[in-house]
Amino acid sequence: MRFSLIFALLLALFSCNSNRELDDRMFVIDPEQFSDKKLTLSMIADDISYIPLDNLFPIGLVYSIRLSNDAIYLSMKNIGIVQYDRYGNYVRTIAKKGRGPNEIRYGMNFAIDIKGNLIYVLDSGIKVYSMMGKLIREIETTNYISGTALNIEIFGSSLFLPDYGTFGEYKYDWIVLDTLGNMVSSKKTDLIFSKNTLPGTIYEYRNRLYYFNYLNDTIFSISPNFDFRGAYRFSNGDFRLPQDGINLDLESLQSLFKMSNMFETKKFVFLEYSYKEKWAMLIIDKEKHETFQGYSNKRSGHVSTEASIFNDLDEGLPLKGEPALVYYTDNSSEYIVAFIYPFELKLHVASEAFKNSTPKYPEKKKELEQLANSLDENDNPVLMLVKLKE
């Protein structure tokens, strides 16, 4: 099936009212049919802003980011779960990294329950903290999840935990627990093989959760009452990870299609993926019926690519997912959030390419230059907030 036809079917899906159930049809994703039209930020966004993060202590490696209307939450390798206000000022450390009774060893991912004023942190099981940093309780997950769970989402008043088979034999693709740890719902895996070399992902859109792992050809859509159905299907081909190829060497793995991130907005579907020597972001514009890819060329022995979207709003650094891009909404506005690093920003602003550039918003270029000049190259990262078009 050609990608144009696939896209037409996708449009039919996304034109549905948000309260309606999804169609029973399956929608096919085929990387061999992806369009190669280039993408720029001004095609999808109409504003950009930056939030420098407090330099009270070095942030270091960041695993994951969550945003609410009035706060920023980061999971840091050597620190733990830290809260900042929306201006980047440090507020508190909620869950401290360590080996004490109230501390976390891992905490790479977490979920925020705004209504309940709680944070659920993935560790050895789940540790539940108040927003003030008090450990409330612990939830055991070893009966359901192989190894340590890699993702967690608040879904209604329940906890959604996916399993991708990364740590060996597993029983469930996902489980749903109440906030005390009791099983509410689950989906048993249909896979025969017991170990996946790569994780999968989950994301939320229009009050539904979406799940996939690399050994399954289906992306599932889960409703608030935990019914599920296939929303997309990957086409068959040599680009797929074979179920019997779990011991593939690195060179073979690099040649396969791997989707590292996926999320949806009102107007766009975002796929961040690698395939052969290309790392790219595929974006589907639902309204204009067009597809585009964002990537830049780089050279390390040979020419390859990295997933990025050229920033023609203020001619600043491109939008890149390191760590993964975060989508969030503030009232009716939609944003994509990324990290940039002061030493990279200062080098970029000092370059002739930046000085001679003509961005869509010249006043934003001046603001960015002022920001870069105010930073030290060793300062903590800066959040880039890209506001999507209404």
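Fair warning: this is a prediction, and the values are worked out from it, not measured in the lab. (Residues numbered from 1 in each chain as written. Predicted model: local features only at pLDDT ≥ 70, side-chain atom pairs only at ≥ 80, totals over all residues. Heavy atoms only, no water.)

This paragraph deals with the packing of helix α3 (residues 342-349) against helix α5 (residues 362-374). Relative orientation and spacing of two packed helices are given, respectively, by the angle between their axes and the distance between those axes. Interhelical geometry of α3 versus α5 gives an angle of 125° and a closest axis separation of 9 Å. Put simply, α3 runs oblique to α5. The crossing of α3 and α5 is left-handed. Facing α3, whose interface residues are Leu 345, Lys 346 and Val 349, α5 presents Leu 368, Glu 369, Leu 371, Ala 372 and Asn 373. (Axes fitted to C-alpha atoms, helices over the stretch in contact; angles between N-to-C directions. Helix = DSSP H or I, 4+ residues; strand = E, 2+ residues; numbered from the N terminus. Parallel < 35°, antiparallel > 145°, perpendicular 65-115°, else oblique. Left-handed = near helix turned anticlockwise from the far one by under 90°. Contact = heavy atoms within 4.5 Å.)

Through backbone hydrogen bonds, the strands of a sheet pair up, either in parallel or in antiparallel fashion. The sheet built from five strands is open, its strands ordered β1-β18-β17-β16-β15 with mixed pairing. Strands with a single pairing partner mark the edges of an open sheet, and in this sheet they are β1 (27-29) and β15 (201-205). Neighbour-to-neighbour, the strand axes of this sheet turn through a mean angle of 25°, independent of strand direction. With five bridges connecting them, β15 and strand β16 (residues 208-212) associate as antiparallel partners. When the sheet's bridge partners are listed, Tyr 203 is paired in β16 with Tyr 210. (Pairing = 2+ DSSP bridges.)

Using the criterion set out here, one finds 25 aromatic pairs in the structure. Their ring planes at 70° and their centres at 6.3 Å tell us that Phe 34 and Phe 257 sit as a pair that is edge-to-face. With Phe 34 in the loop between β1 and β2 (45-52) and Phe 257 in the loop between α2 (250-254) and β19 (258-264), this residue pair connects regions lying 223 residues apart in the sequence. Accessibility assignment for this pair places Phe 34 and Phe 257 in one class, buried. Relative to Tyr 90, the ring of Tyr 84 has its centre 6.1 Å away and its plane inclined at 80°; by these criteria the two rings are edge-to-face. (Phe/Tyr/Trp six-rings, centres within 6.5 Å; stacked < 30°, edge-to-face > 60°. Buried < 20%, exposed > 50% of the residue type's maximum accessible area, 1.4 Å probe, protein only.)

Now for α5. The periodicity of an α-helix, 3.6 residues per turn, causes residues three or four places apart in sequence to face the same way. Over its 13 residues, α5 runs 19 Å from end to end, which matches the ideal 18 Å to within 8%, given 1.5 Å per residue. Of the surrounding elements, those touching the buried residues of α5 are β2, α3, α4 (352-355) and β26 (382-388). (Expected span 1.5 Å × (residues − 1).)

This part is about the sheet that holds strand β24 (residues 326-330). Pairing within the open sheet is antiparallel, and its four strands lie in the order β2-β26-β25-β24. The two strands at the open ends of the sheet, each matched to only one other strand, are β2 and β24. Geometrically, the sheet is characterised by an average inter-axis angle of 30° between neighbouring strands, direction not taken into account. As judged from the seven bridges shared by β2 and β26, these two strands associate in the antiparallel manner. Bridging across to β26, Ile 51 finds its partner in Leu 383. Sheet contacts for α5: β2 and β26; angle to β2, the most-contacted strand, approximately 15°.

In short, the description is geometric, and any link to function would need to be established separately.
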